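Fold and contact review
So you can see what is in the structure, the chains are spelled out below.
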Amino acid sequence: MHYNRYAKKLGFSIKCSTSKNSTIDGQKDKQMFVCNKNGRNEDINMQEVAPVRQRNKSITKKTECKARLRIKRKAKKWHVTYFIEEHNHSMIKKFSLKKYLRSHKGIPKEERDFVKLLHKVNLSAGRVMRIMGEVYGGLANVPYDSKSVSNFMATINEDQTHKDMSKLLSHFARIKKEDPDFYFNLHTDHADKVDRIFWVDGPAIAAYKNYSDCLSFDTTYMTNMYNMPFAPFIGINRYCQSIQLGCGFLTNENVESFVWLFQEFLEAMGGLQPQNFITDQDAAMRSAILAEFPNCCHRNCRWHIMQNAQAVLGNFLSKHEELRQELNAIIDYSMSVDEFETRWADMLRKHNVADNTHLADLYHLRATFVPAYFKDRFFLFLQITAQSEGFNAVLKTYSNPHYSLHHFFEQYLKLQEKINVAEDSVEFLDEDKTFRVWGDYPLEEQALKVYTRPIYLRLRAELRKVTSYNVQLIGGQSYDVLPIKTYVYGYGSRSYQVEANVETETYSCECCKFSRDGLLCCHIFRVMVQLGCINKIPEKYILDRWRVQEETIVEEKMDLPKQPVGRKMNNKERQQLRYGTLCNDYTRVARMASTSEKGKAIADKYMLALEKELLEMKASESAKRKKKKQAAPSFDEAPDVENVGDDGQGNSSKFDHVEDPVYIAKQGRPAEKRKKSGLHLKATKVVKCSRRGMDPSRWTPDRRLTMEETGWIPVTGQAASPPFNGEQLGCHPR
């Protein structure tokens with residue numbers, strides 16, 4: 001280390017050369033260190049060509065430098081016996097270049113722990129380097145490069161990868177002790193390798209009882225080194241936030257795997273099936289849902305279906321703009337199944353496209369995605385798997401497709417904390433903040449008090465659209481609500497019929513927004529304004545799901561919560577209290593110790609002694625518990641963390657022979673899976689040949705175009721006949 005520091009100061013790199021071991025104790029007692037440019041490069045041009053193509057590696061330029069240092073052990077000390085100081089090459093004088101020398105690429109020990117800390121929050125090597133650049137006052141001043149950080153982080157990942165399933169199941173067992181409702185299970189193949197995993201924590205199980213009315217499920221995101229698709233069950237809470245209600249990994253996306261996953265989900269949730277379920281367009285998934293959730297309304301993601309249709313219909317619709325607009329309007333604004341069927345048949349006759357097979361395929365899928373077929377189902381503002389996709393987007397900042405499942409579970413726990421904090425934030429705003437109402441309607445004041453903030457904002461948007469409509473009495477209690485302008489966002493250009501009974505405070509609109517989203521629509525509000533019934537929203541139209549909780553965040557999570565008389569803090573609560581107190585105390589000590597190197601050295605000294613004493617105490621207590629357990633075994637004790645078990649979900653030996661899933665080597669950057677806007681069919685440009693500007697649709701195998709049709713002439717030396725087709729090369733513009 002001393003010679004290497006000397007080498008860095010001068011600007012050269014060192015390496016180990018010859019050494020010798022003692023014949024007495026077998027330990028090394030002689031070592032030679034030489035300059036990295038010692039020796040001679042072989043003539044590359046004289047080497048034989050390798051039969052297999054090898055990576056093009058750079059080679060250090062060697063100059064037969066004689067600079068060296070030899071040391072020899074005498075008794076318990078090392079003595080320098082030979083030293084040559086002179087070099088026959090130039091030194092690296094620029095400080096920012098010295099970190100690239102081979103013997104100076106390592107990260108200092110005191111900074112490795114900090115890099116590990118940054119790695120735990122899934123920061124890339126580039127971001128870590130930017131942080132260290134701020135610490136050192138510039139990226140050029142950092143004494144190591146991004147590659148060194150990347151290599152060091154790879155060693156961390158390698159340590160985490162070893163015995164992945166053993167570590168994951170151990171972690172499950174620890175969580176099970178703290179959260180008795182935590183549920184997990186896994187499935188193995190014929191070689192005892194894990195191919196299916198499912199887990200869900202206690203708070204998610206409790207939340208599912210309130211939010212089982214609509215779930216989103218998607219398996220398009222890879223998060224691990226085994227290429228096992230991530231399969232989260234995503235719900236929506238009262239604040240319109242995504243919450244995770246279960247987490248699965250599947251090696252194969254077949255019917256059997258999905259059936260197993262849904263069975264585990266039902267087992268964890270006490271057999272309570274989701275009321276409405278939205279997934280992507282997957283046949284195996286649909287078959288499993290029909291088998292395991294027979295009472296559930298299943299809906300396909302509209303985005304997936306429209307994207308598939310866009311690929312085959314976009315070019316055709318670019319030539320039929322009127323057909324494209326009418327097709328989108330029929331899908332969006334048909335208010336009943338009969339209306340959709342009638343308008344679709346009229347569209348086929350009007351545009352003479354009854355023989356279009358792609359439109360026929362889209363029509364065949366109508367019952368799985370067209371809103372008219374789900375107008376009476378509670379889908380919470382959803383037509384696509386946007387909640388799952390949004391959750392995956394957030395997950396990308398926490399996990400990496402090259403990491404292990406145990407690392408993913410650690411990041412999953414952090415993400416759950418983020419979700420809880422986000423919910424707490426909105427809950428506090430409901431308690432402490434308010435909005436300035438948009439208008440003078442008394443019912444808006446009522447909505448501001450009873451609804452959560454996100455739901456109130458959605459209802460306020462409906463109130464604003466009241467000004468976009470006029471009302472006409474059709475007869476009796478029926479009203480026709482007509483748009484003032486040609487188009488209203490979200491409702492199109494059509495009129496809507498509303499039934500209103502003032503005596504019974506009963507309202508219904510053919511748009512069925514209350515059935516779909518749990519909120520009254522602007523059409524009903526417009527009729528209420530016309531009838532003068534704007535004092536309040538009837539209680540039966542205010543769902544408990546969207547109400548502000550009666551028990552507020554401040555009462556639930558005070559530093560000194562109200563507890564029943566005689567109640568004692570449990571082990572977890574006492575541990576959290578001690579942890580918080582110690583963190584505050586050690587932060588104060590760290591602030592004083594960080595003012596100088598001497599202070600840090602004193603802190604390190606006592607921290608090492610403290611850690612040693614705590615480890616001895618822990619080992620002593622563990623030995624006492626083990627001795628006590630051997631003396632009087634009890635079946636009521638919680639399972640040992642090292643003995644991986646499920647504490648009530650089966651015997652601990654159930655997973656003794658579990659092996660890690662099959663590792664899948666990845667090459668290149670993963671394909672981009674981010675969704676783009678695609679709820680409607682769009683007209684695409686006609687694809688033309690990059691050489692000739694011709695429409696490829698005119699190229700047919702049985703028809704050859706003449707030169708007059710193409711507008712091209714052959715280049716000099718080519719025959720002008722016979723006529724050539726549009727794909728033939730060797731032409732230039734006339």
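Residues numbered from 1 in each chain as written. Predicted model: local features only at pLDDT ≥ 70, side-chain atom pairs only at ≥ 80, totals over all residues. Heavy atoms only, no water.

1. Looking at the overall build of the protein
Check the secondary structure of the protein and you find 24 helices and 18 strands. Every one of the 734 residues in the protein was classed for burial, and the buried ones make up 40%. Considering only residue pairs separated by 6 or more positions, the protein has 62% of its internal contacts joining residues 24 or more positions apart. Put simply, the protein shows about 43800 Å² of open surface, and 52% of that area lies on carbon and sulfur atoms. (Helix = DSSP H or I, 4+ residues; strand = E, 2+ residues; numbered from the N terminus. Buried < 20%, exposed > 50% of the residue type's maximum accessible area, 1.4 Å probe, protein only. Contact = heavy atoms within 4.5 Å. Areas by Shrake-Rupley, 256 points an atom, 1.4 Å probe, with all protein chains shown as cover.)

2. A look at helix α10 (residues 302–317)
Over its 16 residues, α10 runs only 19 Å from end to end, short of the ideal 22 Å by more than 12%, given 1.5 Å per residue. Along α10, the sharpest change in direction is near 50 degrees and occurs at A311. Of the residues making up α10, those classed as buried are R302, W303, H304, I305, M306, A309, Q310, L313, G314 and L317. In the core, the buried residues of α10 are packed alongside β12 (297–300), α11 (321–333), α13 (357–364) and α14 (366–369). (Expected span 1.5 Å × (residues − 1). Bend = angle between axes of the 7 residues up to and from the residue.)

3. Considerations on the packing of α11 against helix α12 (residues 337–351)
As a packed pair, α11 and α12 sit with axes 10 Å apart at the nearest point and diverge in direction by 170 degrees. Of the possible angle classes, the one that applies to α11 and α12 is roughly antiparallel. In this structure, α11 contributes E322, L323, E326, L327, A329, I330 and Y333 to the contact, and α12 contributes E339, F340, R343, W344, M347, K350 and H351. Residues that form the contact of α11 with α12 fall into these classes: 8 nonpolar, 1 polar and 5 charged. (Axes fitted to C-alpha atoms, helices over the stretch in contact; angles between N-to-C directions. Parallel < 35°, antiparallel > 145°, perpendicular 65-115°, else oblique. Nonpolar A, V, L, I, M, F, W, Y, C, P; charged D, E, K, R; others polar.)

4. Some thoughts on the sheet that holds strand β14 (residues 478–483)
Reading across the sheet, the 4 strands line up as β13-β14-β15-β16 and stay open at both edges, with antiparallel pairing between neighbours. The open sheet has two edge strands, β13 (469–475) and β16 (506–509), and neither has a second partner. The mean angle between the axes of side-by-side strands here comes to 25 degrees, regardless of whether they run parallel or antiparallel. Sheet strands touched by helix α20 (residues 522–531): β13, β14, β15 (496–501) and β16. Its angle to β13, the strand with the most contacts, is close to 75 degrees. (Pairing = 2+ DSSP bridges.)

5. Here we look at unusual backbone geometry
One non-glycine residue, N352, adopts positive backbone phi at about 55 degrees. Residue position: N352 is located in the loop between α12 and α13. Using a relative accessible area of 67% as the deciding quantity, one classes N352 as exposed.

6. Focus: the UniProt feature "domain: SWIM-type" (unreviewed entry) in the protein
In this structure's numbering, the residues bearing the UniProt feature "domain: SWIM-type" (unreviewed entry) are residues 496–532. End C-alpha to end C-alpha, residues 496–532 measures 19 Å, and it is 41% helix and 27% strand. (UniProt positions renumbered as here; feature names shortened; annotations may be inferred.)

7. Quick look at the pattern of salt bridges
A complete count under the given rule lists 19 salt bridges for this structure. Across the pair E339 and R494 runs a salt bridge whose closest N-O atoms are separated by 2.6 Å. With E339 in helix α12 and R494 in the loop between β14 and β15, this pair connects stretches of sequence that are 155 residues apart. In this structure, K513 and E462 form a salt bridge, with 3.9 Å as the shortest nitrogen-oxygen distance. Linking K513 in helix α19 (residues 513–517) with E462 in helix α18 (residues 453–464), this pair joins segments that are 51 residues apart in sequence. With respect to burial, K513 and E462 carry one shared label: buried. Salt bridges sharing partners connect three or more residues here, namely E339, R343, R494 and E510. (Salt bridge = Lys/Arg side-chain N within 4 Å of Asp/Glu carboxyl O.)

8. Focus: the pairing of β15
Where β14 meets β15, 4 bridges bridge the pair, whose relative direction is antiparallel. Directly across from Y479, in β15, lies its bridge partner V498. Summarising the sheet, β15 and β16 pair through 4 bridges and their orientation is antiparallel. Each bridged residue has a counterpart across the sheet, and for E499 the counterpart in β16 is S508. In this structure, the hairpin formed by β15 and β16 is closed by a connection of 4 residues, where E505 is found at a positive phi of approximately 50 degrees.

9. So, the side chain of T452
Structurally, T452 is set in the loop between α17 (442–450) and α18. Within the local environment of T452, its side chain forms a polar contact with the backbone oxygen of R238, the two atoms lying 2.9 Å apart. Look past the residues within four positions of T452 in its chain and what remains in contact with it is R238, Y239, D430, W546, R547 and V548. (Polar contact = N/O pair within 3.5 Å; in protein donor to acceptor, adjacent residues only side chain to side chain.)

10. What about the nonpolar core?
One finds Y451, L459, Y491, Y496, I524, F525 and I537 to be the most contacted residues of the largest nonpolar core, which totals 47 residues. At the level of secondary structure, the elements contributing two or more residues to this core comprise α17, α18, β13, β14, β15, β16 and α20. Sort the elements by how many residues they give to this core and α20 lands first, with 5 residues. In this view, I524 contacts V498, Y507, S508 and C509; residues no more than four positions away in its chain are not counted. (Core = buried A, V, L, I, M, F, W, Y, C linked by side-chain atoms within 4.5 Å.)

11. Considering the side chain of N185
Tracing the chain through its elements places N185 in strand β5 (residues 183–188). Within polar-contact distance, the side chain of N185 engages the side chain of E264 at 3.3 Å.

12. Let's talk about a positive patch on the surface
A surface patch of like charges, here positive, comprises K109, R112, K116 and K120. By the secondary structure assignment, K109 is in helix α3 (residues 109–120). Taking the relative accessible area as the measure of exposure, K109 reaches 65% and is therefore exposed. (Patch = residues over 30% accessible without salt bridge, like charges linked within 9 Å, V, L, I, M, F, W, Y side chains within 5 Å. Lys, Arg positive; Asp, Glu negative; His and termini not counted. Charge placed at Lys NZ, Arg CZ, Asp CG, Glu CD.)

13. Notes on the packing of aromatic side chains
As enumerated under the stated definition, the model contains 44 aromatic pairs in all. Measuring from centroid to centroid gives 5.5 Å for F172 and F182, while their planes differ by 50 degrees, and the two rings are tilted. Highlighted residues: F172 in helix α6 (residues 164–178) and F182 in the loop between α6 and β5, separated in sequence by 10 residues. Comparing F172 with F182, the two get one shared label, buried. On the numbers, 6.1 Å between centres and 75 degrees between planes, the contact of F340 with Y373 is edge-to-face. Placement of F340 in helix α12 and of Y373 in the loop between α14 and α15 (386–395) is noted, with a sequence separation of 33 residues between them. (Phe/Tyr/Trp six-rings, centres within 6.5 Å; stacked < 30°, edge-to-face > 60°.)

14. Concerning the sheet that holds strand β1 (residues 14–21)
Spatially, β1-β2-β3-β4 is the arrangement adopted by the 4 strands of the open sheet, whose pairing is antiparallel. A single partner strand is all that each edge strand has here, and the edge strands are β1 and β4 (77–84). Between one strand and the next, the sheet's axes are offset by a mean angle of 20 degrees, whatever the strand orientation. By the bridge criterion, 5 bridges tie strand β2 (residues 28–35) to strand β3 (residues 68–74) in an arrangement that is antiparallel. Along β3, the bridge assignment pairs F33 with L69. Sitting on the sheet, helix α1 (residues 2–10) touches β1, β2, β3 and β4, and the angle it makes with β1 is about 155 degrees.

15. Things to note about the packing of α10 against α13
Where α10 contacts α13, the axes come no closer than 10 Å and their chain directions differ by 170 degrees. Classified by the interaxial angle, the pair formed by α10 and α13 is roughly antiparallel. Between α10, through I305, A309, V312 and L313, and α13, the contact on the second element is made entirely by H358, L359 and L362. Within the contact of α10 with α13, the residues separate by chemical class into 6 nonpolar, 1 polar and no charged.

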